[in-house]
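These are the residues of each chain, in order.
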Amino acid sequence: MYLLGLSLVLLALKYFEIGPVAAWSWWVVLSPFAATAAWWAWADASGYTKRKAMEKMDERKKERINRHKEALGIPRKPR
């Protein structure tokens, strides 16, 4: 997401001709969009995106279980 944010900022700076970015070539300004697309393609193909989503769901599940145990008065196991 950082690459996409950088891409949008550079695009806005070039479009509105602000600062030194106005003098840069369009290829330089648009290259972060290509890097963003390459990152997303790699992340989807390698399973990185799905793995991160599963880790987030597992963490939320553990937190929910612990909250319910505390509400029932069941002591949590020390790690």
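Further up the page is the structure itself.
The present account deals with the structure reproduced in this document. (Residues numbered from 1 in each chain as written. Predicted model: local features only at pLDDT ≥ 70, side-chain atom pairs only at ≥ 80, totals over all residues. Heavy atoms only, no water.)

## Considering a positive patch on the surface
Part 1 of the reasoning: A cluster of basic residues, K56, R60, K61, R64 and R67, forms a positive patch on the protein surface.
Part 2 of the reasoning: Its place among the elements puts K61 in helix α3 (residues 48-72). (Patch = residues over 30% accessible without salt bridge, like charges linked within 9 Å, V, L, I, M, F, W, Y side chains within 5 Å. Areas by Shrake-Rupley, 256 points an atom, 1.4 Å probe, with all protein chains shown as cover. Salt bridge = Lys/Arg side-chain N within 4 Å of Asp/Glu carboxyl O. Lys, Arg positive; Asp, Glu negative; His and termini not counted. Charge placed at Lys NZ, Arg CZ, Asp CG, Glu CD. Helix = DSSP H or I, 4+ residues; strand = E, 2+ residues; numbered from the N terminus.)

## Considerations on the packing of helix α1 (residues 2-15) against helix α2 (residues 26-46)
The description of two packed helices rests on the angle between their axes and on the distance between the axes.
Part 1 of the reasoning: Running from amino to carboxyl end, α1 crosses α2 at an angle of 160 degrees, the nearest separation of the two axes being 9 Å. Put simply, α1 runs roughly antiparallel to α2. Of the two elements, α1 crosses α2, and the hand of that crossing is left-handed. Residues L3, L4, S7, L8, L10, L11, K14 and Y15 of α1 touch α2, and the partners they reach there are W26, V29, L30, P32, F33, A35, T36 and W40. (Axes fitted to C-alpha atoms, helices over the stretch in contact; angles between N-to-C directions. Parallel < 35°, antiparallel > 145°, perpendicular 65-115°, else oblique. Left-handed = near helix turned anticlockwise from the far one by under 90°. Contact = heavy atoms within 4.5 Å.)

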